[in-house]
Amino acid sequence: MSHALDAPAPSVVTKLQMPALIVGGIGLVAGVIGAVLNFQAFLHAYLVAFSFWNGISLGMMLILMIQYLSGGGWGIILRRTLEAGTRNMWLMAVLFLPILAGTVMNKLYIWTDHAKVEADHHLHQKAPYLNIPFFSVRLVIYFIVWLTFAFLLNRWSLQQDQSADKKLARNLRNLSGPGLLIMAITLTFSNIDWLMSLQPHWFSSMYPLINIVGNLLAAMCFGVIFVALMSDHAPFKGLIQTRHFRDMGNLMLAFVMLWTYTSLSQLLITYSGNLPEETPWYMNRITGGWGYVAVLLLTCHFVLPFIVLLQRRVKDPGKPLIWIGTFIIAMRVVDLFWWIKPSFDAGQGLAAAYKLSTFNVHWLDIVLPLAMGGIWTWCFIWQLKKRPLVPQHDPNMKEAFAHGGH
Amino acid sequence: MKPKARSLHYGVLAEFDTPQQLVDAARATHDAGFRKYDAYTPFPIEELADAMHDHQNPIAKIVLLAGFTGACIGFGMQTFANLVHYPMNIAGRPNFAWPMFIPVTFECIVAFAAFTGVLSMLALNGLPTPYHPLFNCPNFSQATRNKFFLCIEATDPKFELAETRKFLEQLNPREISDVEN
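Source: prediction; values computed, not measured.

Rules behind the numbers
The numbers attached to residues start from 1 for each chain and follow its sequence in the written order. By the order in which they are written, chains take letters starting at A while ligands take numbers starting at 1. Residue-level local features of this predicted model are given only where pLDDT is at least 70; pairs of side-chain atoms are given and counted only at 80 or more, and the full residue set underlies all totals for whole chains, interfaces and linings. Calculated side-chain values reflect all of the structure's heavy atoms, with hydrogen atoms and water omitted. What counts as a helix is a DSSP run of H or I of at least four residues, what counts as a strand is a run of E of at least two, and both are numbered from the N terminus. All radius of gyration figures rest on C-alpha atoms, and the globule criterion is 2.2 Å times the number of residues raised to 0.38. The buried label applies to any residue whose accessible area, calculated with a 1.4 Å probe on protein chains only, is under 20% of its type's maximum; exposed applies above 50%, and partly exposed to all values in between. A patch consists of residues exposed above 30% relative accessible area that lack any salt bridge, with like charges linked at up to 9 Å and nonpolar side chains (Val, Leu, Ile, Met, Phe, Trp, Tyr) linked at up to 5 Å. The method behind every accessible area is Shrake-Rupley, applied with a 1.4 Å probe, and residues are considered shielded solely by the protein chains displayed. Here a salt bridge means any side-chain nitrogen of Lys or Arg lying within 4 Å of a carboxyl oxygen belonging to Asp or Glu. We call two residues in contact when some of their heavy atoms are within 4.5 Å. Two parts placed together each lose some accessible area under a 1.4 Å probe, and the buried area is that loss summed for both. We define a polar contact as two N or O atoms separated by no more than 3.5 Å, with the added condition that, inside protein, one atom must be a possible hydrogen donor and the other a possible acceptor, whereas residues neighbouring each other in sequence contribute only through side-chain atom pairs. Classification convention: Asp, Glu, Lys, Arg as charged; Ala, Val, Leu, Ile, Met, Phe, Trp, Tyr, Cys, Pro as nonpolar; all other residues, Gly among them, as polar. Residues belong to one nonpolar core when they are buried, are Ala, Val, Leu, Ile, Met, Phe, Trp, Tyr or Cys, and are joined through side-chain atoms within 4.5 Å. Pairs of cysteine sulfur atoms within 2.5 Å are identified as disulfides in what follows. Stacked, edge-to-face and tilted are the three classes for Phe, Tyr and Trp ring pairs, Trp counted by its six-membered ring, which pair at centre distances within 6.5 Å; planes under 30 degrees apart are stacked, over 60 edge-to-face, the rest tilted. Each ring is checked for a lysine NZ or an arginine CZ that lies within 6 Å of its centre and within 35 degrees of its normal; such an atom marks a charge sitting over the ring. What a helix should span is 1.5 Å times the count of its residues minus one. Take the seven residues that end at a residue and the seven that start at it, fit an axis to each, and the angle between those axes is the bend at that residue. All axes here are fitted lines through C-alpha atoms, helices being fitted over the stretch that makes contact, and every angle between N-to-C directions spans 0 to 180 degrees. What makes a crossing left-handed is the near helix being turned counterclockwise from the far one by less than a right angle; a clockwise turn instead makes it right-handed. As a per-residue measure, pLDDT reflects the predictor's confidence and takes values from 0 up to 100. Note on angle classes: values under 35 degrees are labelled roughly parallel, values over 145 roughly antiparallel, values of 65 to 115 roughly perpendicular, and the remainder oblique.

A. Spatial organisation of the overall build of chain B. Within chain B one finds 5 helices and 4 strands. Secondary structure elements of chain B occur, N-terminal to C-terminal, as β-α-β-α-α-α-β-α-β. Relative to the 2.2 N^0.38 estimate, which gives 16 Å for 181 residues, the radius of gyration of chain B is 25 Å and therefore markedly larger than a compact globule would have. Principal-axis analysis of the C-alpha atoms gives chain B an extent of 80 × 45 × 30 Å. By residue count, 34% of the 181 residues in chain B fall in the buried class.

B. Local environment of unusual backbone geometry. Note the cis peptide between leucine 127 of chain B and proline 128 of chain B, where omega equals 0 degrees. Residue position: proline 128 of chain B is located in the loop between helix 4 (98–124) and strand 3 (148–153). Phi at asparagine 106 of chain A is positive, roughly 60 degrees, even though this residue is not glycine. The backbone phi angle of asparagine 274 of chain A is positive, close to 55 degrees, even though this residue is not glycine. Residue position: asparagine 274 of chain A is located in the loop between helix 12 (242–273) and helix 13 (279–286). With relative accessibility at 41%, the residue asparagine 274 of chain A sits in the partly exposed group.

C. Geometry of a nonpolar patch on the surface. Residue and element names in this part refer to chain B. Taken together, the side chains of Phe115, Val118, Leu119, Met121, Leu122 and Leu127 present a nonpolar region at the surface, about 570 Å² in accessible area. Relative to the helices and strands, phenylalanine 115 is located in helix 4. Classification of phenylalanine 115 as exposed rests on a relative accessible area of 61%.

D. How the structure looks around the interface of chain B and chain A. Listed per partner, the contact involves 14 residues of chain B and 9 residues of chain A. Both faces considered, chain B and chain A share a buried interface measuring about 1,000 Å² in area, 67% of it formed by carbon and sulfur atoms. A per-residue breakdown of the area chain B buries against chain A is headed by Glu46, Arg93 and Pro99 of chain B, which together make up 39% of the total. Where chain B packs against chain A, one counts 0 salt bridges. Our enumeration of links across chain B and chain A arrives at 2 residue pairs in polar contact (both at pLDDT 80 or more). Examining the composition of the side of chain B that touches chain A, we find that 4 residues originate from one element, helix 4 of chain B, more than from any other. Of the residues that constitute the side of chain B that touches chain A, the class distribution is 10 nonpolar, 1 polar and 3 charged.

E. Geometry of the side chain of histidine 301 of chain A. Residues and elements named next belong to chain A. On the secondary structure map, histidine 301 appears in helix 14 (residues 290–309). Overall, histidine 301 belongs to the buried group, its relative accessible area being 1%. Those residues in contact with histidine 301 that lie beyond four places of it in its chain are Leu217, Val256, Trp259, Leu296, Met331, Arg332 and Asp335.

F. Fine view of the pattern of salt bridges. Residue and element names in this part refer to chain A. Within the structure shown, the criterion is met by 12 salt bridges over all chains. Residue arginine 80 pairs with aspartate 161 through a salt bridge whose shortest N-O separation is 3.1 Å. Here the residue arginine 80 occupies a position in helix 4 (residues 73–86), and aspartate 161 occupies one in helix 9 (residues 132–163), the gap between them amounting to 81 residues. For arginine 80, a relative accessible area of 2% corresponds to the buried category.

G. Region of interest: the nonpolar core. Ranked by internal contacts, the top residues of the largest apolar core, which has 119 residues, are Phe50, Trp146 and Trp194 of chain A. For this core, the element with the highest residue contribution is helix 3 (residues 39–70) of chain A, accounting for 19 residues. Setting aside chain neighbours within four positions, we find tryptophan 194 of chain A in contact with Leu47, Phe50, Asn54, Phe96, Tyr109, Phe135, Leu139, Tyr142, Phe143 and Trp146 of chain A. Grouped together as the second largest cluster of nonpolar side chains are 22 residues, Tyr37, Phe148, Ile152 and Phe167 of chain B included.

H. Structural view of the state of the cysteines. A full pass over the atoms with the stated rule returns 0 disulfides over all chains. Lacking any disulfide linkage, cysteine 221 of chain A is separated from the closest cysteine sulfur, that of cysteine 300 of chain A, by 14 Å. The structure places no disulfide on cysteine 108 of chain B, whose sulfur is separated from the nearest cysteine sulfur, that of cysteine 72 of chain B, by 11 Å. Of the residues examined, cysteine 108 of chain B reaches a relative accessible area of 16% and is grouped as buried.

I. Quick peek at the packing of aromatic side chains. Residue and element names in this part refer to chain A. Applying the stated criterion across every chain, the model contains 40 aromatic pairs over all chains. Pairing tyrosine 129 with phenylalanine 134 gives two aromatic rings, centres 5.6 Å apart and planes at 85 degrees, and the pair type is edge-to-face. The exposure class of phenylalanine 134 is partly exposed, given its relative accessible area of 33%. Above the ring of tryptophan 281, the side-chain terminus of arginine 285 is found at 4.0 Å from the ring centroid.

J. Highlighting helix 14 of chain A. Residue and element names in this part refer to chain A. For helix 14, built from 20 residues, the straight-helix expectation of 28 Å at 1.5 Å per residue is met to within 8% by its first-to-last C-alpha distance of 27 Å. A maximum bend of about 25 degrees is found in helix 14 at valine 303, where proline proline 305 lies one to four positions downstream. Among all positions of helix 14, only Trp290, Gly291, Val293, Ala294, Leu297, Cys300, His301, Pro305 and Leu309 are buried. Residues of helix 14 that are buried sit in contact with helix 11 (207–230), helix 12, helix 13, helix 15 (312–315) and helix 16 (320–340).

K. The packing of helix 3 of chain A against helix 17 (residues 363–384) of chain A, seen in detail. All names here are of chain A. Where helix 3 meets helix 17, the closest approach of the two axes is 8 Å, and the angle between their N-to-C directions is 35 degrees. Of the two possible hands of crossing, helix 3 and helix 17 adopt the one that is right-handed. Here Ala41, Phe42, His44, Ala45, Tyr46, Ala49, Phe50, Trp53, Ile56, Ser57 and Met60 of helix 3 lie close against helix 17, whose contacting residues are Leu364, Asp365, Leu368, Pro369, Met372, Gly373, Trp376 and Thr377. Grouping the constituent residues of the contact of helix 3 with helix 17 by class yields 14 nonpolar, 4 polar and 1 charged.

L. Looking closely at the confidence of the model for chain B. This prediction gives chain B a mean pLDDT of 84; 96% of its residues lie at or above 70. If you check the scores for this complex, the pTM reads 0.86 and the ipTM reads 0.73.

M. Structural view of the packing of helix 3 of chain A against helix 11 of chain A. All names here are of chain A. Relative orientation of the contacting elements helix 3 and helix 11 amounts to 80 degrees, with a least axis distance of 7 Å. Our classification of the angle between helix 3 and helix 11 gives roughly perpendicular. When helix 3 is examined against helix 11, the residues Ser51, Phe52, Trp53, Gly55, Ile56, Gly59, Met60, Leu62, Ile63 and Ile66 are found in contact with a partner set consisting of Ile212, Asn215, Leu216, Ala218, Ala219, Met220, Phe222 and Gly223. In the contact of helix 3 with helix 11, the residues fall into 13 nonpolar, 5 polar and no charged.

N. How the structure looks around the environment of isoleucine 90 of chain B. Residue and element names in this part refer to chain B. Its place among the elements puts isoleucine 90 in the loop between helix 3 (59–85) and helix 4. By relative accessible area, which is 42% here, isoleucine 90 ends up partly exposed. Sequence separation of isoleucine 90 and glutamine 21 is 69 residues, and the distance between their C-alpha atoms is 66 Å.

Below is the structure:
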């Protein structure tokens, strides 16, 4: 291959770094002001923003592991972009601190309120799991696991570039198999801790899975957006072929469908079960104005991306994926908002059916996802510039970039 | 009744050793203005469809239509059964409990689309075909093993046996044979 594989990140991406920093900086100031004015509203918005951006880092790690096991040229092209995202894991660990503060200060979760726990049989029963010390221990475990995986995936991949040692490809595969299992477990439990416990009387075993699929979808879209932006420049120019973009578009389509499948499954299980501790969760999210958000999600998180992504003329050129990816990412934030926000003004436990949530949105709900996105993206581009954009010595390299199918 | 007059020849068949030669030959054949020709290979070659400008197959549209039909039938069947034919109170849910209709609707979409897809693929390929003139060429059995063939058919308006032979000879095939009907 005669391409300049070690060309630096093209300016089309690096020039985004400064605007990202400005958005992040202004948002940070606004966020601090908002936190001082109304700490609780700040926490509610912050949880949405954190869940989304943390999910992108984790989703990127999942896609990396899946690709090490499955192979495929699309993944070799995406790899450095995804790796840069996983190197933001430390940032997410730091950014968790406000949520921890909110938990300790009894501002975010009802199970931190001793009086309520003592008065409620169900909460009392769940106290051995839902208490601040154990919550903190689990939190530390999650981040240790995630930071370790991010460190190893990045380290071995870079060493493979430099040394061409065949052992490293095997190491990466051996890490990815059990790694995916451990990721699934930690993601499930972190989702139970951080999101499902907002309404601790309610439970759904499908809920963490919807979140994992949503993370995969958002991470895939984010990675594809950046690769499509860079596709006209070295080192990608001439290297990316139509079939790579088609694969990426197909994966976006697959995750859109999987999101729909898991979301519908949860609805069906709740709908057919018809139990008093489960149905209020949906009642809160389809009445009082939230129904419009639900319809928006059905049409714009499923129907529209599904129809658009079916078409080859969208996938093959690559560039249209930038727009559809951005659109899906925006819908993913709405999805998380729809999950999280109605938890706060709804009745809990036995009161759930009598006090349903009404649609409400705080200015921080819009500012904080953008602010965290600015900071996240700034760090992401900073990391992206550090390494060559195309990895070397991958065992599937030759067949991934051979022209034609034979 | 007189049998329908058939031309003596089905076409001219050229044999190639490598897929690249075949792709180049197909491109040249298309550029020379031939339209009724086909390529035969032991395995799928993605570039071949590009070279032949052969992207017009209606399968996608047929499958979409079949899936839509399946959705209407699946959803309609359940709506009819639950609202008109045999309304029943199930766990206090409304008779028109549409979320519960989705799985069966989905299965109907898949069943209709899959069966229609396979069957229309066979129909559009003209299968089953017990006899094909190409089987008259002894070498043609190699098409399932390691040789690559291009056949310009006699039904092409530009087809002239001698001219077409001459044209194919320029493409450096290993062998050229006339295919008899």
